[in-house]
Each structure stands twice: as structure tokens, then as C-alpha cells.
Amino acid sequence: MRINKYIAHAGVASRRKAEELIKQGLVTVNGQVVRELATTIKSGDKVEVEGQPIYNEEKVYYLLNKPRGVISSVTDDKGRKTVVDLLPNVKERIYPVGRLDRNTTGVLLLTNDGDLASKLTHPKFLKKKVYHVFLDKPVAQEDLQKIAEGIELEDGEIHADEVAYANEDDKKQVGIEIHSGKNRIVRRIFEHLGYRVIKLDRVQFAGLTKKNLRRGDWRFLTEKEVDMLRMGAFE
């Protein structure tokens with residue numbers, strides 16, 4: 001198995017991140033630093049990343065309904081609660097896929113499957129995300145039209161695949177479907193148009209939803225869900 005794939009399978013990082021670690025000289029095989037991406041790992045080889053031995057682990061997949069105020073990270077140097085803290089005693093080296101900022105709630109996948117994580121987050125294969133947005137004031141219909149047609153932000157044009165009122169009786173609530181993986185993109189879209197996001201909840205990610213999952217709770221993905229993600233069956 002190629003070294004970058006081995007590292008990804010061990011749940012340390014995606015293949016792309018693994019390649020960066022190799023180029024930086026942070027990976028050793030049997031005590032020797034390797035920098036060649038074509039290096040292959042054989043049975044019995046001892047692989048270390050940044051001085052820590054790694055092993056191929058059984059793949060695990062957790063779906064979390066992330067609560068507000070929790071960091072989408074494995075650890076936090078400020079001692080704040082992370083999404084991993086909400087899970088049981090996990091032995092595998094898992095990490096969140098498609099991060100949510102601290103104050104955004106909703107669907108979050110955590111896994112040690114680096115290959116799948118890369119497939120779900122790579123710009124070439126960005127998956128659909130659906131958000132329920134609560135704003136500080138009613139959203140004008142013409143602003144929804146602007147979002148659908150595309151608006152120019154500091155890092156380029158962005159448009160929603162679909163956007164509509166989530167509740168016709170309360171036009172402060174909007175549902176938005178988007179594929180972009182840009183940082184804080186939903187918040188920035190509405191801030192650009194003069195609105196303040198009060199609450200932001202991701203209700204769908206790559207076909208996964210938080211149905212029957214209370215805030216702060218988690219479940220394992222089913223084999224069918226994992227297979228669907230691997231096959232790219234979801235948008």
C-alpha cells in the first residue's frame with residue numbers, strides 16, 4: 001500500500017494532508033525518514049508520523065447533531081469542549097469532516113476514514129449542504145433572488161442552488177441549499193446583504209440528516225449510508 005494511503009487508512013489525515021506530512025519529512029518507515037510519495041508499505045513495516053506510531057484501524061463513522069458552543073476539532077488549546085468530547089470513549093483517531101463553526105449547530109460526520117473524508121470535502125467533489133437560517137429581521141424577496149443568482153464576496157462570486165423562506169409566516173427564517181466549502185459562507189452571504197445571523201443549523205450534509213437525533217446526540221452510520229457515501233450516490 002502506498003504510504004499516503006496507509007496514513008489515510010490509519011485515520012491520521014486525508015491523503016492530501018498525508019502527502020504534505022511526507023514532504024515535510026515528518027514520516028518515518030522503520031526508523032528512516034521517507035519523502036517519496038511512491039513509497040510502499042509492507043506487512044511488518046513500522047510507520048511513524050511526527051514520532052507517533054500509526055496502525056491501520058477499523059473504520060468508524062459517527063453522525064453527530066452538533067450543539068452550539070462546541071468546537072469542531074479533536075482538541076482545543078483553550079480547553080473548550082470539542083465534538084469528540086460528546087462521543088463515547090473512542091479508541092480510533094477520528095476527526096470531523098466538513099467542519100461547523102462554534103456557534104453553528106447540526107449535522108456533522110466524524111470518522112477515521114481519510115479516503116472518504118477527502119472525497120466528501122475535496123473542491124472537485126463538494127457535496128450538498130442544507131441550512132436553516134434564523135435572521136435578525138425579515139429577508140426581502142429580492143435578496144433571496146440575489147442569493148440565487150449570485151453575489152460577489154471578497155473571495156469571489158457565490159450563489160445558492162436553492163433558497164426560500166423556511167416558514168412563510170416568519171420571513172426571518174430561510175432555508176438555503178449550497179455546495180460551496182468556503183469558510184463561514186452562509187453567514188457571510190447574509191451579512192453581505194445587511195442581515196445578522198441569529199442561529200444557523202445544518203440540516204443536511206451529503207445526504208445525511210439529523211432526523212430522530214436530538215441536539216448533542218450521536219449515532220453510528222449504517223452500512224448502507226457508508227456504502228452510499230463511498231459510491232458518491234449523494235450529491
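In this report, the structure presented in the accompanying data block is examined. Given the structure is predicted, the values throughout are model-derived calculations rather than measurements.

Rules and cut-offs
- Residue numbering note: each chain is counted from 1, following its sequence as written.
- Where local features are concerned, this predicted model is filtered to residues with pLDDT of at least 70; where side-chain atom pairs are given and counted, the filter is 80 or more; whole-chain, interface and lining totals use all residues.
- In computing side-chain properties, one takes all heavy atoms of the structure into account and sets aside hydrogens as well as water.
- Only DSSP runs of H or I covering at least 4 residues are called helices, and only runs of E covering at least 2 are called strands; the numbering of each starts at the N terminus.
- Type-normalised accessible area, obtained with a 1.4 Å probe on protein chains alone, sets the label of each residue: buried when under 20%, exposed when over 50%, and partly exposed for intermediate values.
- Should any heavy atoms of two residues lie within 4.5 Å, those residues are considered in contact.
- Using a 1.4 Å probe, accessible areas were evaluated by the Shrake-Rupley method; residue-level cover was limited to the displayed protein chains.
- Here the positive residues are Lys and Arg and the negative ones are Asp and Glu; neither His nor the chain ends is included.
- Working definition for charges: the position is that of NZ of Lys, CZ of Arg, CG of Asp or CD of Glu.

## Some thoughts on the overall build of the chain
- From N to C terminus, the chain includes six helices and 15 strands.
- Dimensions of the chain, computed from the C-alpha atoms along their principal axes, are close to 65 × 40 × 35 Å.
- Put simply, the chain has 235 residues, and 48% of those count as buried.
- Across the chain, the fraction of contacts at a sequence separation of at least 24, relative to all contacts at a separation of at least 6, is 63%.
- Surface exposure of the chain reaches about 12600 Å², of which carbon and sulfur atoms provide 46%.
- Measuring between centres, the 42 positive side-chain charges of the chain sit 3 Å from its 36 negative side-chain charges.

## Observations regarding helix H5 (residues 185–192)
- With respect to burial, H5 is a largely interior element, six of its eight residues being buried.
- Burial in H5 covers these residues: Ile-185, Val-186, Arg-187, Arg-188, Ile-189 and Phe-190.
- Gly-194 sits one or two residues past H5 and shows a positive phi near 95 degrees.

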